[in-house]
Amino acid sequence: MPRRRRRSRVSALEGGRGEEAPPEAAAVPSAPLTSPQQTEAAAAERILLRGIFKIGRGSCDVVLSERALRWRPILPERPAGDSKYDWLCKEEFIELKDIFSVKLKRRCSVKQQRSGTLLGITLFICLKKEQNKLKKSTLDLINLSEDHCDIWFRQFKKILAGFPNRPKSLKIFLNPQSHKKEAIQVYYEKVEPLLKLAGIKTDVTILEYEGHALSLLKECELQGFDGVVCVGGDGSASEVAHALLLRAQKNAGMETDRILTPVRAQLPLGLIPAGSTNVLAHSLHGVPHVVTATLHIIMGQVQLVDVCTFSTTGKLLRFGFSAMFGFGGRTLALAEKYRWMSPNQRRDFAVVKALAKLKPEDCEISFLPFNSSDDVQERREQGSPKSDCNDQWQMIQGQFLNVSIMAIPCLCSVAPRGLAPNTRLNNGSMALIIARNTSRSEFIKHLKRYASVKNQFNFPFVETYTVEEVKIHPRNTSGYNPEEEDETASENGFPWNVDGDLMEVSSEVHIRLHPRLISLYGGSMEEVNDSKVTCNCF
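Cut-offs used in this document
- Residues numbered from 1 in each chain as written.
- Predicted model: local features only at pLDDT ≥ 70, side-chain atom pairs only at ≥ 80, totals over all residues.
- Heavy atoms only, no water.
- Helix = DSSP H or I, 4+ residues; strand = E, 2+ residues; numbered from the N terminus.
- Buried < 20%, exposed > 50% of the residue type's maximum accessible area, 1.4 Å probe, protein only.
- Contact = heavy atoms within 4.5 Å.
- Pairing = 2+ DSSP bridges.
- Core = buried A, V, L, I, M, F, W, Y, C linked by side-chain atoms within 4.5 Å.
- Axes fitted to C-alpha atoms, helices over the stretch in contact; angles between N-to-C directions.
- Parallel < 35°, antiparallel > 145°, perpendicular 65-115°, else oblique.
- Left-handed = near helix turned anticlockwise from the far one by under 90°.
- Nonpolar A, V, L, I, M, F, W, Y, C, P; charged D, E, K, R; others polar.
- Salt bridge = Lys/Arg side-chain N within 4 Å of Asp/Glu carboxyl O.
- Patch = residues over 30% accessible without salt bridge, like charges linked within 9 Å, V, L, I, M, F, W, Y side chains within 5 Å.
- Areas by Shrake-Rupley, 256 points an atom, 1.4 Å probe, with all protein chains shown as cover.
- Phe/Tyr/Trp six-rings, centres within 6.5 Å; stacked < 30°, edge-to-face > 60°.
- Lys NZ or Arg CZ within 6 Å of the ring centre and 35° of its normal.
- pLDDT = per-residue confidence, 0-100.
- Expected span 1.5 Å × (residues − 1).
- Bend = angle between axes of the 7 residues up to and from the residue.

Bringing the side chain of N175 into the picture now. As for its placement among the helices and strands, N175 is situated in the loop between β8 (169-174) and α3 (183-197). For N175, a relative accessible area of 17% puts it in the buried group. When neighbours within four sequence positions are excluded, N175 is seen to be in contact with A183, L207, V231, G232 and S236.

If you want it as structure tokens, here you go:
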């Protein structure tokens, strides 16, 4: 009696082509796919198509239902009670929501540039890896029948067209000056191929100067786009977000210089990290990973994110997600003076220089504590000004080395837990972190803690508050003596670091939180693993 050949199993999602299926593989098997162990939920799904494809090295009974694609190896008949092949009978599946593209698979030769021998169908799948990363994978369904594959191909295309949040057309902004001037390379080598694979149309604009995106988005036609994407660092990403929100206020007929209750941005924004720190993209996705950010956009995964307004004397300065005043502002101002250095050298040099000239700011800080009660939460969502809510403002004053106001966690390579680890993207509150005047050595210990798993706020001179509004009023007339060499003050006022962008203000700054004001492409981020990262600044 001849020995039966034992089939070896290959992971279906490795994209292996396998052997060609015989022509009769298009026939529908009479044996039932379902088994007593199949879940009730799977059994209740309506079956759309059923057929035989070769997946990996073996022929499989494949069922396409409303929610998933399932397959089970077809095994030779065996005597009753023979359990030798039971381990091969396990059903596998992928959910349809994880598929983002489908193509007919053909074998093409040099002479057959347009079409060749049909091999089957290739599905392109978004898979989740460790540490919040996403990757592209493929599943080949091998079958030589043109008619059979055409029916399945059209059904897959119909399913993909039915996901309403997935963009079909995107406006792209590239900042060629970000980080090592690699944004253009990042886009054309990593981002554009994935967008083309997903069938997304793009309109690309290369930004030429600071404020270019702002001027374009004030007037350009956005009606034909489903979203806007920025490829660059934190400064350019923040500028595009600010421009989208200003555009929304203008379209709503509001004055853009004085805004109390802003309206939500009309288009979602995608952030492709191509900067030096990528705090916004890192906080949104959990990792500053280009493919992950691109796949979130392709899959149409959107999060509503809180945004702050920065105003002075009642006039809107800008929209933003985070800000630092004092040491953080001075460090950025110093870095801007040395743009000729490489990004990492410039950052490290500015940190050391600011520490060498460390000095406190004499400030008065007023803040409105976060109230999470249901009635206040409801009023916030309805856009009610907090001045109508009878909450009590608190005030502290003194000498402060640094003041941080953050509506997002602000993850980055030197702060893996985040500069504000207790804040979330859309919990309706901001973190106010204050470092009072202390010795240089103690302040450096505090900064080093950001790079470790230890609590960076466990110092007697550090105070943290959960707030909804903050007012910072410098009490000295000028931050620095302009006659001193290399000082960072200017006639425009005190330096602020707003999302990695330098903002100079001479008077009080009022920061207000506006819950869920903008939609950003990104999935639900898992808790980032606590891992020690060495900061090369010290």
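Further remarks concern unusual backbone geometry. Phi is positive for N278, close to 55 degrees, though the residue is something other than glycine. Taking the relative accessible area as the measure of exposure, N278 reaches 9% and is therefore buried. Even without being glycine, C410 reaches a positive phi, approximately 60 degrees. For C410, a relative accessible area of 2% translates into the label buried.

Okay, the pairing of strand β20 (residues 501-505) next. By the alternation rule, side chains of β20 split into D501, M503 and V505, which are all buried, and L502 and E504, of which none is buried. In this sheet, β20 lies alongside strand β19 (residues 494-498) in antiparallel orientation, the contact comprising five bridges. Bridge assignment links V498 to a residue of β20, and that residue is D501. With antiparallel pairing between neighbouring strands as the criterion, β19 and β20 make up a hairpin whose turn holds two residues, including D499 at a positive phi of roughly 55 degrees.

Core analysis: the biggest nonpolar cluster contains 59 residues, and L269, F443 and I518 have the highest contact counts within it. Those residues in contact with L269 that lie beyond four places of it in its chain are V228, V229, C230, A237, V240, A241, L244, I518, S519, L520 and Y521.

What follows is about the packing of helix α8 (residues 327-336) against helix α9 (residues 343-356). Describing two packed helices takes the angle between their axes plus the distance from one axis to the other. Here α8 crosses α9 at 130 degrees, and the two axes come no closer than 8 Å. On the basis of the axis angle, α8 is oblique to α9. Seen from above, α8 lies across α9 with right-handed handedness. Every residue of α9 that contacts α8 at F327, T331, L334 and A335 is listed here: R346, A350, V351, K353, A354 and L355. A breakdown of the residues in the contact of α8 with α9 according to their chemical character gives seven nonpolar, one polar and two charged.

Throughout the structure, instances matching the rule amount to 17 salt bridges. We note a salt bridge from R512 to E469, for which the minimum N-O separation is 3.7 Å. Placement of the pair is R512 in strand β21 (residues 509-521) and E469 in strand β18 (residues 462-474), with a sequence separation of 43 residues. Exposure class is identical for R512 and E469. Each is buried. In this structure, a network of salt bridges that share partners links the residues R70, R72 and E91.

The next thing to look at is a nonpolar patch on the surface. Residues Y188, V204 and I206 make up a contiguous nonpolar surface patch of about 220 Å² in total accessible area. Position of V204 relative to the elements: it lies in strand β9 (residues 201-206).

Overall, V204 belongs to the partly exposed group, its relative accessible area being 31%. Between the C-alpha atom of V204 and that of C230, which follows or precedes it by 26 residues, the distance is 9.9 Å. Setting aside residues up to four positions removed in sequence, V204 forms contacts with I172, L174, Y187 and Y188.

A few words on the packing of aromatic side chains. Taken as a whole and assessed by the stated rule, the structure comprises 11 aromatic pairs. Pairing F325 with F494 gives two aromatic rings, centres 6.0 Å apart and planes at 65 degrees, and the pair type is edge-to-face. Pair noted here: F325 is in strand β14 (residues 322-326) and F494 is in strand β19, with a separation of 169 residues, a long-range link. Each ring, one from F459 and one from F461, has its centre 5.4 Å from the other, and the planes form 40 degrees; the classification is tilted. Neither F459 nor F461 differs from the other in exposure class; each is buried. Across from the ring centre of W393, 4.9 Å away, lies the NZ or CZ of K471, which sits over that ring.

This part is about helix α7 (residues 290-298). Within α7, eight of the nine residues are buried, which leaves it mostly tucked inside the rest of the structure. Two residues or fewer past α7, G300 is found with a positive phi of approximately 70 degrees.

Right, let's get into the confidence of the model for the chain. Taken as a whole, the chain shows an average pLDDT of 82; of its residues, 79% reach a score of 70 or greater. Least confident of the elements in the chain is helix α10 (residues 374-381), whose mean pLDDT is 48; most confident is α7, at 96. Every residue in residues 1-12 scores below 50 in pLDDT, and together they form 19 contacts with partners more than four places removed in sequence or on other chains. Note on residues 479-483: pLDDT under 50 across the span, and 10 contacts to partners over four residues away in sequence or across chains.

The next subject is α3. For α3, built from 15 residues, the straight-helix expectation of 21 Å at 1.5 Å per residue is met to within 8% by its first-to-last C-alpha distance of 20 Å. Largest kink in α3: about 40 degrees, centred on V191, with the proline P193 one to four residues after it. The complete set of buried residues in α3 reads A183, V186, Y187, V191, E192, L194, L195 and L197.

A few words on the environment of I272. Its location among the elements puts I272 in strand β11 (residues 269-273). Assessed through its relative accessible area of 1%, I272 is described here as buried. The contact partners of I272, leaving out residues within four places of it in the chain, are V186, V191, V229, C230, V231, G232, V290, A293, T294 and I297.

A few words now on the environment of M299. For M299, the position within the fold is in the loop between α7 and β12 (302-312). The sequence separation of M299 and F100 amounts to 199 residues, and the corresponding C-alpha distance is 6.6 Å. Each residue touching M299, except ones within four places of it in the same chain, is listed here: K97, D98, I99, F100, C126 and R166.

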